[in-house]
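# Close look at the chain arrangement
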Amino acid sequence: MVREVVNNLIVDLSGHYVDCTFGNGGHSINILKNIDSAGSLIALDKDIESVNIGKDFAASDERFKIIKSNFSNLSMLLEKDSIDGILVDLGISSSQLDDSNRGFSFRKNGPLDMRIDQDEGLTAKDWINESSKQEIEEVLKHLGQERSYKKITDAISKSRKIKPISSTKDLVEIILSCKTSRSRKHPATNVFRAIRMRVNQELKELSKVLDDAGKVLKLGGRLVVISFHSIEDRIVKRFIQGKEGNHGESKFSLIGRKPLKPSFQEIKRNPRSRSAILRVAEKVV
Ligand SMILES: C[S@@+](CC[C@H](N)C(=O)[O-])C[C@H]1O[C@@H](n2cnc3c(N)ncnc32)[C@H](O)[C@@H]1O
C-alpha cells in the first residue's frame, strides 16, 4: 500500500518524516522519492539486519538517517512538535518470516526464537517452556483468538514435561496433534502469531508509539498506521477517537471514513498483504 501511504503521509514536500518500521526499506524509498531536497526522513527498526540495509541507503542520501531502536522510544529520540508525518507498519517483514533461523514461520523448521530484536528479551522457547499454563492459555485465547486454546495448552504442558519445546517443528507437531485444518489456513497460524506478539510485547509497544506520536507530531502532522490484526486495529482506532491511550494535550482526527485495504491486484501480487488495514489520522490539537 505504498501509494496510499505516500499520499496520506506527506503533507509538506520539505517536511520531516519518520518511518518507525524500516524493514526492507520499501516505504522509506518511496517517501524519499516524494519529498524534496529540504525534506528529511528518519527510519527506526529494532532488527539489526534491517538497520544494516538502511545504513547502505543512508550512505547515498543525506536526507536519510536510520537508528536501531524500538519505536516505543520515539519521544526520547525526537523533539516535541517537530515531525510532519509518522508511519508505523506493524508486524514483521517477509524476509524475517522467511528466515528459518528466526523461528517466526511454522512452515520452516528452526530454533523457537521469534524475537524481532535478537539482542534482548525472552525467546519463544523460554516463554513456552517457563510460563504458567494460565498465561499460555490467556495468550492463545486473547492474542491468538485460537478456539482450541485449552487443548493446545494442555498438550504444550504435557510435552514440555518430557523435553523442552525448542524448535518450530516441535511446536507445529504439538498443534497438529490437537487440531486439523478445516480451511486453507495452516492450523498453527494463530498460535505462532500469538506467541510472536507476546514475546515482542507488540500491543504494549503499539500503545506507546501512538502516545509518543501525539507528542512529536506538529499540528497538522499525519499518523499512518498499517496493522494486520483486529486487536491492533482496534487499539489504533480507539486511540484516534480519543477513547484509549495517553494523549496528553494532543487530539487526532480520522482522515477518511473507512480504513484503507489493499487492492485485489496487490493481494494477488503479495498474498501476505491480504489482512492489512491502513488508518490515517491528523493531529488537530
Ligand atoms: C512489516 S515490516 C515493515 C516493512 C517496511 N514498511 C518495508 O517497506 O519494507 C515491520 C518492521 O518493523 C520492525 N519492528 C517491529 N516492531 C518494532 C518495534 N517495536 N520497534 C522497531 N521496529 C520494529 C520489524 O523488525 C520489521 O522490520
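Values in this document were obtained by computation on a predicted structure and should not be read as measured data.

Here the focus is the nonpolar core. Formed by 56 residues in total, the largest nonpolar core has its most connected members in Leu74, Ile86, Leu171, Ile195 and Leu223. Leu74 has contacts with Val18, Cys20, Leu44, Ile86, Val209, Asp212, Ala213 and Val216, leaving out every residue within four places of it along the chain.

Helix length check: helix α3 (residues 48-60), at 13 residues, gives a terminal C-alpha distance of 19 Å against a target of 18 Å (1.5 Å per residue), a fit within 8%. Every buried residue of α3 is accounted for by Ser50, Val51 and Gly54. One face of α3 carries all of its buried residues, which in axial projection span an arc of 95 degrees. Set apart from the buried face of α3 by more than 90 degrees, the exposed residues are Asp56, Ala59 and Ser60.

We now examine the site of the ligand. Around the ligand lies a shell of 22 residues, among which His27, Asp45, Phe71, Asp89 and Gln96 are the nearest. Here Asn24 contributes a backbone N or O atom positioned 3.0 Å from an oxygen atom of the ligand. One nitrogen or oxygen atom from the side chain of Asp45 is found 2.6 Å from an oxygen atom belonging to the ligand. Alone, the ligand offers 610 Å² of accessible surface; in the complex the protein occludes 92% of this.

Let us now look at the packing of aromatic side chains. Counted by the stated rule, this structure contains five aromatic pairs. Taking the centre distance of 6.1 Å and the plane angle of 50 degrees together, the rings of Phe57 and Phe64 count as tilted. Summarising the aromatic geometry, the rings of Phe239 and Phe252 are spaced 5.4 Å apart at their centres and angled 50 degrees between planes, so their arrangement reads as tilted. Of this pair, Phe239 sits in helix α12 (residues 230-240) while Phe252 sits in strand β6 (residues 252-260), and the two are 13 residues apart along the sequence.

Apart from glycine, the bulk of residues carry a negative phi angle, and the bulk of peptide bonds sit in the trans form. A positive phi angle is found at Met114, which is not glycine, with a value near 65 degrees. Phi at Gln145 takes a positive value of approximately 45 degrees, unusual for a residue other than glycine. Within the secondary structure, Gln145 is located in the loop between α7 (133-143) and α8 (149-162). By relative accessible area, which is 43% here, Gln145 ends up partly exposed.

A few words now on the domain arrangement of the protein. Looking at the protein, the domain boundaries give domain 1 (2-94 + 202-283) and domain 2 (118-199). Domain 1 and domain 2 are separated by 30 Å when their C-alpha centres are compared. The partner domain 2 presents seven residues to the nine residues of domain 1 that form the contact. Together, Glu202, His229 and Ile231 form the three largest contributors to the area buried by domain 1 at its contact with domain 2, with a combined 55%. Taken together, the connections running from domain 1 to domain 2 amount to two salt bridges.

The strand order across the open sheet formed by seven strands is β3-β2-β1-β4-β5-β7-β6, and the pairing between neighbours is mixed. For this open sheet the edge positions go to β3 (64-68) and β6, each flanked by a neighbour on one side alone. Across the sheet, the mean angle from the axis of one strand to that of its neighbour is 15 degrees, orientation sign disregarded. Sheet topology note: the strand β1 (residues 16-19)/strand β4 (residues 83-89) ladder contains three bridges and is parallel. Residue pairing across strands places Tyr17 opposite Gly85, the latter belonging to β4. Helix α1 (residues 2-9) contacts β1, β4, β5 (217-227), β6 and β7 (277-283) of the sheet and is inclined by roughly 165 degrees relative to β5. Relative to the sheet, helix α2 (residues 26-34) contacts β1, β2 (40-45), β3, β4 and β5, its axis offset from that of β2 by approximately 175 degrees.

A separate point is the pattern of salt bridges. Taken as a whole and judged by the stated rule, the model has 21 salt bridges. For Lys218, the salt bridge goes to Asp84, with nearest N and O atoms at 3.1 Å. Of this pair, Lys218 sits in strand β5 while Asp84 sits in strand β4; the two residues are 134 residues apart in sequence, bridging distant segments of the chain. Look at Lys218 and you get partly exposed, because its relative accessible area is 27%. The network of salt bridges with common partners includes Lys68, Asp117 and Asp119.

Parameters and conventions
Residues numbered from 1 in each chain as written. Predicted model: local features only at pLDDT ≥ 70, side-chain atom pairs only at ≥ 80, totals over all residues. Heavy atoms only, no water. Core = buried A, V, L, I, M, F, W, Y, C linked by side-chain atoms within 4.5 Å. Buried < 20%, exposed > 50% of the residue type's maximum accessible area, 1.4 Å probe, protein only. Contact = heavy atoms within 4.5 Å. Helix = DSSP H or I, 4+ residues; strand = E, 2+ residues; numbered from the N terminus. Expected span 1.5 Å × (residues − 1). Arc of directions from axis to C-beta. Near = heavy atom within 4 Å. Polar contact = N/O pair within 3.5 Å; in protein donor to acceptor, adjacent residues only side chain to side chain. Areas by Shrake-Rupley, 256 points an atom, 1.4 Å probe, with all protein chains shown as cover. Phe/Tyr/Trp six-rings, centres within 6.5 Å; stacked < 30°, edge-to-face > 60°. Domains from an automatic or database assignment. Buried area = accessible area lost by both parts, 1.4 Å probe. Salt bridge = Lys/Arg side-chain N within 4 Å of Asp/Glu carboxyl O. Pairing = 2+ DSSP bridges. Axes fitted to C-alpha atoms, helices over the stretch in contact; angles between N-to-C directions.

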